[in-house]
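Structure assessment
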Amino acid sequence: MTKRIRKAVFPVAGLGTRFLPATKAQPKEMLPIIDKPLIQFAVEEALAAGITHLILVIGRTKRAIADHFDANPELDLLLRSKGRSDMADYLANIVPKGACTIYLRQAEALGLGHAVACAAPLVDPDEHFAVLLADDLMDGERPILAQMVDSWADNPRSLLAVEEVAADAVSSYGIVDCEAPEPGASLPIRGIVEKPSPEDAPSRLAVVGRYILDGAIMEKLQNTAPGRGGEIQLTDAILQLSHEKQVDAFRFRGRRYDCGSKIGYIEATLDFSVRHPEIGTEARRLIARACKDQ
Ligand code: G1P
């Protein structure tokens, strides 16, 4: 088992139907929070955790993601000629030296589990790798995936980021059967179920979109039949994995914004705008005014 996690898989092939018409021709992961696309937040979080291989599982209409992380010589020249070298340097280093992007196409949208399994040829069965869902925007003093990697380095095992959700929200998540760990700590799961009804939910601890998984999950995924919603579910393969290897629920310190939903996206936009160095003050004023005018 390697003592580092070098690879992260970003399943970005989903259709984003909750954000139509905005996502008809552009990937939902390119929706910006002020000026930075969701996928870039996730990639930065991975880089901050020491990831060097960024594996993006894309689908049709997702070309903008590859373009975003690619060089753009015309734009670079233009910015430099206008005295904006800072921005040109920033753009040139979104994927810093020493890290690389790898793109895979998921031809059919057969589910999250299927998307992760597309990366099977790139992951060794005896290495752990990360999975990040860009819809879940994570915010913590220490980036969330880095918190998980810290915990993993002390004791290499699979880790699922969890947070407590309201009873009526359990049917939107993978829910673990586990006592609630303290913030910053983890506990082994006894089971996990995808989107249970509130009556059937084993807890209110929901898996959010950050995982560290044993490479053995790939073989489980290849043998996982379609589950909830007729899709190949990552949750079902994690359950299988947990029968053989330790899988822990990790209670991260920080906050998660569900940017796959309109209200979560607005929440993130508001929070990030009021602390944005360039527009924060004005944003506060405008938000107060908008509330007053209603
Ligand atoms: C997926 C997973 C689910 C997890 C959720 C986190 O669901 O299937 O287990 O709790 O991400 O955001 P989705 O949101 O794609 O329906």
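Residues numbered from 1 in each chain as written. Predicted model: local features only at pLDDT ≥ 70, side-chain atom pairs only at ≥ 80, totals over all residues. Heavy atoms only, no water.

**Looking at the site of the ligand**
- The full set close to the ligand counts 13 residues, and Asp136, Gly174, Glu194, Lys195 and Val207 are the nearest of them.
- Asp136 is positioned such that a nitrogen or oxygen atom in its side chain is 2.7 Å from an oxygen atom of the ligand.
- Taking Lys195, its side chain carries an N or O atom lying 2.6 Å from an oxygen atom of the ligand.
- Contact with the protein chains hides 77% of the accessible area of the ligand, taken as 380 Å² for the molecule alone.
- Here the ligand occupies the largest pocket.
- Counting residues per element, the shell around the ligand draws most heavily on strand S12 (residues 205-214), at three residues.
- Tallied by class, the residues present in the shell around the ligand amount to six nonpolar, three polar and four charged. (Near = heavy atom within 4 Å. Polar contact = N/O pair within 3.5 Å; in protein donor to acceptor, adjacent residues only side chain to side chain. Areas by Shrake-Rupley, 256 points an atom, 1.4 Å probe, with all protein chains shown as cover. 1 Å grid on protein atoms, 1.4 Å probe; cavity = no way out; pocket = protein on both sides within 12 Å on 5 of 7 lines; lining within 4 Å. Sits in = over half its atoms within 2 Å of the grid points. Helix = DSSP H or I, 4+ residues; strand = E, 2+ residues; numbered from the N terminus. Nonpolar A, V, L, I, M, F, W, Y, C, P; charged D, E, K, R; others polar.)

**Quick look at helix H6 (residues 144-154)**
- In terms of burial, H6 is a largely internal element, eight of the 11 residues being buried.
- Within the sequence span of H6, burial applies to Ile144, Leu145, Ala146, Gln147, Met148, Val149, Ser151 and Trp152.
- Looking at the packing, one finds that the buried side of H6 touches helix H1 (38-48), strand S6 (128-132), strand S7 (136-139), strand S8 (158-164), S12 and strand S13 (247-251). (Buried < 20%, exposed > 50% of the residue type's maximum accessible area, 1.4 Å probe, protein only. Contact = heavy atoms within 4.5 Å.)

**A few points about the pattern of salt bridges**
- Throughout the structure, instances matching the rule amount to 22 salt bridges.
- With a shortest N-O distance of 2.6 Å, Glu127 and Lys7 are connected by a salt bridge. Linking Glu127 in the loop between helix H5 (112-117) and S6 with Lys7 in strand S1 (residues 7-12), this pair joins segments that are 120 residues apart in sequence. This pair shows no difference in class: Glu127 is buried, exactly as Lys7 is.
- Notably, a salt bridge pairs Asp136 with Arg256, separated by 2.7 Å at the nearest N-O pair. (Salt bridge = Lys/Arg side-chain N within 4 Å of Asp/Glu carboxyl O.)

As far as function goes, none of this settles anything; it's purely spatial.
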